[in-house]
Structure formats: C-alpha cells, structure tokens
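So the chains spell out like this:
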Protein chains: 2
Amino acid sequence: MPPAAIRQVRWPKWSDMLQSLSQSDAMKLLIVKLGGSVITDKRKPFAIKHTVVKRLAKELKGVPGPLVIVHGGGSFGHPLALKYRIADGYREKDQLMGVSLTHLAMEKLNKYLIEALQKEGIPAIAFQPSACVLSSDGRIKSMELGPLRRILALGLVPVLYGDVVFDVKKGFSILSGDQLVSYLARKLGATRVVFGVDVDGVYTSCPKRNDRAELLRVITPSDVKLVASMEKDETGDVTGGMQAKVRELLELAKFGVEAEIVNAARANVLKEALRGKRGLGTIVTGGK
Amino acid sequence: MPPAAIRQVRWPKWSDMLQSLSQSDAMKLLIVKLGGSVITDKRKPFAIKHTVVKRLAKELKGVPGPLVIVHGGGSFGHPLALKYRIADGYREKDQLMGVSLTHLAMEKLNKYLIEALQKEGIPAIAFQPSACVLSSDGRIKSMELGPLRRILALGLVPVLYGDVVFDVKKGFSILSGDQLVSYLARKLGATRVVFGVDVDGVYTSCPKRNDRAELLRVITPSDVKLVASMEKDETGDVTGGMQAKVRELLELAKFGVEAEIVNAARANVLKEALRGKRGLGTIVTGGK
C-alpha cells in the first residue's frame, strides 16, 4: 500500500461529493416505485414477470442524477403476510416463522431485480428497511438514513422494498413500499416521485372491473373526498392498493413533492416519466 | 377487525417482553459466529458446504434464550471484495459494481443459511449491516440497534454477516463479521460469544501448514505479544484471518465478555459450546 500522502492524492475527496449532493444533485433526486403487480404476476405465488423486469431495468438505465428504487411485494410478500396476519402485529408465537418467511420472500424478489439491474450496468444495492426502520402502529417512527445518504452520494442505486418492520406498539407490522417512498421523498428532498403501476393512472373505480371508470389526470389535496370514495382493493393487497397509494402521495404533496402514477406495464412510459415528461398518467400534486 | 379494546386484550404485551429481555433474558444472550471457511469451500468460488450448513442448523436449534448469528464471507464475499479492492475504500467509479456484486454475494450466502435454519423451525431473519452501520476508516462508528433489539425481544433469530459498509472517511469499507460480533456483544450485553472455525482453536502458527503449531487453551490480554507474532493469513481473507479475530476478541474481553473459538467443522462441538460447555477450543477472556 502506498504511503498515506500518496493515497490521499489518489482518492477522490468523496466527502466533497457528499457535500455537493446536498446542494445540487439532491435537487435532482428521483424516487421510483415499482408496483408489485408490475414486476410479479399476482395470480400466481412467487411468479416474476421476467420480460417486464428486464425491460424496466433497461428503462432505469441512464437516469440522470441520484435514484432510489422501491418495489412492492406482489405475489412474493402479500400472500405470506396475509396468511400469518403480519399487519395485525404480534399475537402468537407461530407468526414468527411467518415474519421469517415473508421477509425472505421479499429478499428473493429484491435479489431478482438487483440482478436484472446489474446486467444493465446499474450498480444496484439491496437496502433492507427492517434493519433501519422502527415503526409505531404501522407508521414509520424513525429511520436511520446515514448509510442511504452515503450510498446515493457514491452513485450507487439503493433498492428498497415493502417489508415486515419492527414496531414499538405492535411488535411488528407491514411497511408498504408506498409509505416508504413518501417518507424518503420528504426526508431526502426528492424532486419527483414516479409510481409505476399496471394501469394508466388513478381511476374513479377499478378499471379492470368497471368500464365506466374514469382516469383522473391530476389529484390535489382538495380531492380528498373523491379519494375516500374510491373502491377498496380486494385483491389480497395487504397494503391497501391504489387508495392507500394516493393517500400517501397526497401527504407528500403537502410538502411540495410532486408524484406521478404511470403505467409501467407499457414500454417506455416509466422511462419517459423518469426523464422529466409529465402528464403520462395521474399527477398528485399540492395543486398550486 | 375486532374493536380496539378487544384487540388490546388479545395481544400479548410484547413491550413487557422487551422489558424483561433487558433484565433476565439479555443476561443469557449468545452470539455465534460461523466462519466463512466452515460454511463455504474457500477453494472454489460460491461453494457452500451443504452438509455442514444443514448440520449446523440442527446444532443451532433449541439454543436457550436469545441468539444472534453472524457469518463470514468465505468464497462468496472475499474474492469479489479482493478483486474490486473494496477494503481500500473508494478510488474509482468501477468499484461501484464491485460493491453491488460483493453485497449481493453475501446476501446469497445469507439466504442459503436462513433457509437451512427455517427448515429446522428456527424463525431466522436476515439483517443487513450496511443498512444500519456507518463506519469510519473501517471501524464501526455508529449502528442503529433499535430494530435488532426488538427482533431479539420477539424471539426471532437475526442472521448478520460481514458486509461492505459505508464509511464516513473512505466512502465504503469492509466490516468483518468478527468486528461485528465484538461490537454487538458489547452493545447488547452478551454473556458469551462462540466462534465456529474450521480448526480446533487458536494455534501459535497455522496448523494446516505447520506440524509444530501448538493449540492455545486460553488467551488473555497479557498474551498480546504472542498474538502479534502469529503468522498472517495469506489465503485471500480480506478481513485478516485468525489474528484479526483474536484481536477483536481481546478487545471484547476487556469489557468482560468471554469468547471461545471452537471447531464447528466437527459434529456437536458448536452445539455443546452453545449449551454452556467451556474448554472445547481456545477461550479468549479478560483473565480474571
């Protein structure tokens, strides 16, 4: 190893990078959520949509500036979480194996995504929410953000996921990817959040079951009644489906962060949204 | 869902469990390190010793009281960390893919271990060090321990590992499983630490290459010169091999936590050590 003086010359002053991130690059921070229904087939347990994941990895390549990826549970996390009633919190010892299995299932899905991103040359790194989040009755109470900030400053792409997290009131609970995105966007100061789902945006009711469902182009906090009237998702999504998603994003809009919910099941829609195009789906904004 | 009053009656007061952990059960906290050379074949990349892992999972079953498992990198982490010079810290952008690959390799090994533990009915859960640790020049600077404490209070078994962690001075560095064990034992107040390796304990020199190597039964802080004279490991272990292990444990001994390094490659040795038997290998102790 060369002497300390030489080593210091050769190493980039990465602490300066961190400094600059907090000033300029952080202004461009993008957070993208990949819905579980986009990357997995929710009708079959542990079924990845391989072609879609491969395509999305290509679309995520070359995003300018720092990027955080969060994905949902799809057919990996939800069935186990439902079976063991993880969202209800600790009730009996038998649930512990359920916690173990649910988390492992999420890691398996995460690993698959990481590998797809690596193949496109994206230096992606798994980031386990349950190792750094404490929740209280299902809401994030605290999250250690130091490692995540440094990952972004270095130019790595962290890939987080909805997870079983440990809860000061309930023992454990489910942290949805949606809540996580909203929290991180606020704490890290994201410019924009893009939610990739498997429909064209937010509808007045479920477009898969109702022909009269209308696509909403913009949702603002004044639409709170409309959101409350939206149908509940009955497809075994333990985190509340589209209604819960919109609620999280309306909270975020209050802090000035705009989000757009777009159809990531269609080629290039996510890609264009990540490169700044607006109006491809439903914009959730503070309305000013 | 039942009304709040009923729910409160049905839920065990898990916060009381946490309270009791800090008083009685924590007194029994065991931390076990599974060496990379025990669970993998270091001569071949990504080679798990399947039969050994299965046997160790059985030996880990039924450990009384809370248990933390930490494993090394073996032929998963070390070759990649070496190739991309991860331990040197950030020097160039090309290392980022190395960080990505090294972490993923560690997760793959971890996943295999978790599955083996689940098969034995142990509710094991992966715990990613890089998501909650910040290091400074390769030493742990801070670690968020809230989630880990709650995992233990619930009766889950966290499984941590040597990892690429993010470093306030070097950008990233390698956190050895050995350092992690020593840190956790101190912070969580472990009673005992058991290190499973693939030799009978600590020798004066490498027993695999030197017939005159003598097994040391006890090492105390007064043996610091002896430890300094131990041969350096030259087998591509980026975390320093046996000498570094003993140094970590001597640090720990100063805080009153006794450790024993035993041969986990032999059947039932780890099992007996975890059930309280002393003197099966090399004891590292404060010497009082």
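What you are looking at is a predicted structure, and each value in this text was computed from that prediction instead of being measured. (Residues numbered from 1 in each chain as written. Chains lettered and ligands numbered in written order. Predicted model: local features only at pLDDT ≥ 70, side-chain atom pairs only at ≥ 80, totals over all residues. Heavy atoms only, no water.)

J.: Which parts of the structure should I look at to understand the overall build of chain A?
T.: Counting its regular elements, chain A contains 11 helices and 14 strands. Taking all 288 residues of chain A together, 60% fall into the buried category. Sequence-distant contacts in chain A: of pairs separated by 6 or more residues, those separated by 24 or more amount to 73%. Of the roughly 12100 Å² of accessible surface on chain A, a fraction of 51% belongs to carbon and sulfur atoms. (Helix = DSSP H or I, 4+ residues; strand = E, 2+ residues; numbered from the N terminus. Buried < 20%, exposed > 50% of the residue type's maximum accessible area, 1.4 Å probe, protein only. Contact = heavy atoms within 4.5 Å. Areas by Shrake-Rupley, 256 points an atom, 1.4 Å probe, with all protein chains shown as cover.)

J.: So what exactly am I meant to see when it comes to unusual backbone geometry here?
T.: Glycine aside, residues mostly have negative phi, and peptide bonds are mostly found in the trans state. Residues and elements named next belong to chain A. The phi torsion at R85 lies on the positive side, around 50°, for a residue other than glycine. Here D137, not a glycine, exhibits a phi torsion of approximately 55°, which is positive. Mapped onto the secondary structure, D137 falls in the loop between β4 (133-136) and β5 (139-143).

J.: Would you mind going over the relation of the copies chain B and chain A with me for this structure?
T.: In this structure, two copies of a chain are linked by a rotation about an axis accompanied by a shift along it. With an RMSD of 0.0 Å, the fit of chain B onto chain A corresponds to turning through 180° and sliding 0.0 Å along the axis. The superposition operator between the copies reduces to a two-fold rotation axis. Considering only C-alpha atoms, the part of chain B nearest the rotation axis is C132(B), at 2.7 Å. Residue by residue, 100% of the interface of chain B is reproduced at the interface of chain A, so both copies engage with the same surface. (Least-squares fit on C-alpha atoms with pLDDT ≥ 70 in both.)

J.: Help me understand the pattern of salt bridges, please; the structure alone is not making it clear to me.
T.: In a structure, side chains of opposite charge can pair up when their charged atoms sit close to one another. Residues and elements named next belong to chain A. The final tally for this structure, using the stated rule, is 32 salt bridges over all chains. Salt-bridge contacts for D88 lead to R91; the nearest nitrogen and oxygen are separated by 3.8 Å. Exposure remark for D88: the relative accessible area of 15% places this residue in the buried category. Take R91: its relative accessible area is 13%, and that puts it in the buried class. By sharing partners, the salt bridges in this structure join K33, D178 and K245 into a single network. (Salt bridge = Lys/Arg side-chain N within 4 Å of Asp/Glu carboxyl O.)

J.: Would you take a moment to explain the nonpolar core for this structure?
T.: Soluble globular proteins tend to pack their nonpolar side chains together in the buried interior. Counting 184 residues, the largest nonpolar core has M143(A), L184(A), M143(B) and L184(B) as its most contacted members. When neighbours within four sequence positions are excluded, M143(A) is seen to be in contact with F127(A), C132(A), V133(A), L148(A), L160(A), L180(A), Y183(A) and L184(A). (Core = buried A, V, L, I, M, F, W, Y, C linked by side-chain atoms within 4.5 Å.)

J.: Honestly, the packing of aromatic side chains in this entry has me stumped. Any pointers?
T.: Geometrically, a pair of aromatic rings is defined through the distance of the ring centres and the angle of the planes. Residues and elements named next belong to chain B. For the structure shown, the criterion picks out 4 aromatic pairs over all chains. The interplanar angle of 85° and the centroid separation of 5.3 Å between the aromatic rings of F46 and F76 together place this pair among those described as edge-to-face. With F46 in the loop between α3 (36-39) and α4 (50-60) and F76 in helix α5 (residues 74-83), the pair connects residues that are 30 residues apart, well separated along the chain. Residue F46 is classed as partly exposed on the basis of its relative accessible area, which comes to 45%. (Phe/Tyr/Trp six-rings, centres within 6.5 Å; stacked < 30°, edge-to-face > 60°.)

J.: Honestly, the environment of L188(A) in this entry has me stumped. Any pointers?
T.: Residue and element names in this part refer to chain A. Position of L188 relative to the elements: it lies in helix α8 (residues 177-188). Residue L188 is classed as buried on the basis of its relative accessible area of 12%. For L188 and H103, which are 85 residues apart along the polypeptide, the C-alpha to C-alpha distance reads 25 Å. Apart from the residues within four sequence positions on either side, L188 is in contact with L29, V68, L148, R149 and L152.

J.: Would you mind showing me how to read helix α10 (residues 241-253) of chain B here?
T.: Residue and element names in this part refer to chain B. The terminal C-alpha atoms of α10, which comprises 13 residues, lie 19 Å apart, in line with the 18 Å expected from a rise of 1.5 Å per residue. Burial analysis of α10 places 10 of its 13 residues in the buried class, the great majority of the element. Taken as a whole, α10 has its buried residues at G241, M242, Q243, K245, V246, E248, L249, L250, L252 and A253. (Expected span 1.5 Å × (residues − 1).)

J.: What's the story with the sheet that holds strand β9 (residues 192-197) of chain A in this structure? I'm lost.
T.: Sheet strands line up and pair through hydrogen bonds in the backbone, either parallel or antiparallel. Residue and element names in this part refer to chain A. Strands sit in the order β3-β6-β2-β1-β9-β13-β14-β12 across an open sheet of 8 strands; the sheet is mixed. For this open sheet the edge positions go to β3 (124-126) and β12 (218-219), each flanked by a neighbour on one side alone. As defined by bridge partners, strand β1 (residues 30-34) adjoins strand β2 (residues 67-71) across 5 bridges and the pair is classed as parallel. From the neighbouring strand, L34 faces β2, where its bridge partner is H71. The strands that helix α7 (residues 146-154) touches are β2, β3 and β6 (157-161); relative to β6, the one it contacts most, it runs at about 140°. Contacts from helix α10 (residues 241-253) reach β1, β9, β12, β13 (258-263) and β14 (282-284), with the element oriented near 175° to β9. (Pairing = 2+ DSSP bridges. Axes fitted to C-alpha atoms, helices over the stretch in contact; angles between N-to-C directions.)

J.: Looking at this model, I keep getting lost on the packing of α4(B) against helix α6 (residues 95-119) of chain B. Mind explaining?
T.: Each pair of packed helices can be described by the angle between their axes along with the distance between the axes. Residues and elements named next belong to chain B. Where α4 contacts α6, the axes come no closer than 9 Å and their chain directions differ by 50°. The pairing of α4 with α6 is recorded here as oblique in orientation. Here α4 and α6 pass one another in a crossing that is right-handed. When α4 is examined against α6, the residues H50, V53, A57 and L60 are found in contact with a partner set consisting of Y112, L113, A116 and L117. In terms of residue class, the contact of α4 with α6 is made up of 7 nonpolar, 1 polar and no charged. (Parallel < 35°, antiparallel > 145°, perpendicular 65-115°, else oblique. Left-handed = near helix turned anticlockwise from the far one by under 90°. Nonpolar A, V, L, I, M, F, W, Y, C, P; charged D, E, K, R; others polar.)

J.: I tried to follow the pairing of β5(A) on my own but got confused; where do I start?
T.: Within a regular strand, side chains alternate between the sheet's two faces. Residues and elements named next belong to chain A. Judged from the 4 bridges that link them, β4 and β5 form a sheet pairing that is antiparallel. By the bridge assignment, V133 is partnered in β5 with M143. Adjacent in sequence and paired antiparallel, β4 and β5 are bridged by 2 residues, among which D137 carries a positive phi angle near 55°.

J.: What is the right way to look at the side chain of S135(B) in this model?
T.: Following the sequence through the fold, S135(B) ends up in strand β4 (residues 133-136). Not counting residues within four places of it along the chain, the set of residues in contact with S135(B) comprises I140(B), K141(B), V165(B), F166(B), D167(B), V168(B) and S173(B).

J.: Help me understand the sheet that holds β4(A) in this model?
T.: Residue and element names in this part refer to chain A. Reading across from one edge, β5-β4-β7-β8 is the order of the 4 strands in this open sheet, with mixed pairing throughout. Looking at the sheet topology across the chains shown, the edges are occupied by β5 and β8 (171-175). Recorded for the sheet is a direction-independent mean angle of 50° between the axes of neighbouring strands. Alignment of strand β7 (residues 163-167) against β8, held across 5 bridges, turns out to be antiparallel.

J.: What exactly am I supposed to notice about the interface of chain B and chain A here?
T.: Often, the extent of an interface is quoted as the loss of accessible area on bringing the components together. Each side of the interface is counted separately: chain B has 50 residues, and chain A has 50 residues. Note on chain B versus chain A: buried area summed over both sides is about 4600 Å², and carbon and sulfur give 66% of it. Residues E115(B) and K108(A) are paired through a salt bridge, measuring 2.9 Å at the closest nitrogen-oxygen approach. At the boundary of chain B and chain A, one finds 9 residue pairs in polar contact (both at pLDDT 80 or more). Those elements that provide at least two residues to the side of chain B that touches chain A are α1 (4-10), α6, β3 (124-126), β4, α7 (146-154), β7 (163-167) and β8 (171-175) of chain B. (Buried area = accessible area lost by both parts, 1.4 Å probe. Polar contact = N/O pair within 3.5 Å; in protein donor to acceptor, adjacent residues only side chain to side chain.)

J.: Explain the confidence of the model for chain A here, please?
T.: Any residue range with low pLDDT should be treated as having predicted coordinates unsuitable for detailed reading. Residues and elements named next belong to chain A. Taken as a whole, chain A shows an average pLDDT of 88; of its residues, 87% reach a score of 70 or greater. For residues 1-14, every residue scores under 50 in pLDDT, and the model assigns this stretch 20 contacts once sequence neighbours within four places are set aside. Both scores are given for the predicted complex: the pTM is 0.91, the ipTM 0.90. (pLDDT = per-residue confidence, 0-100.)

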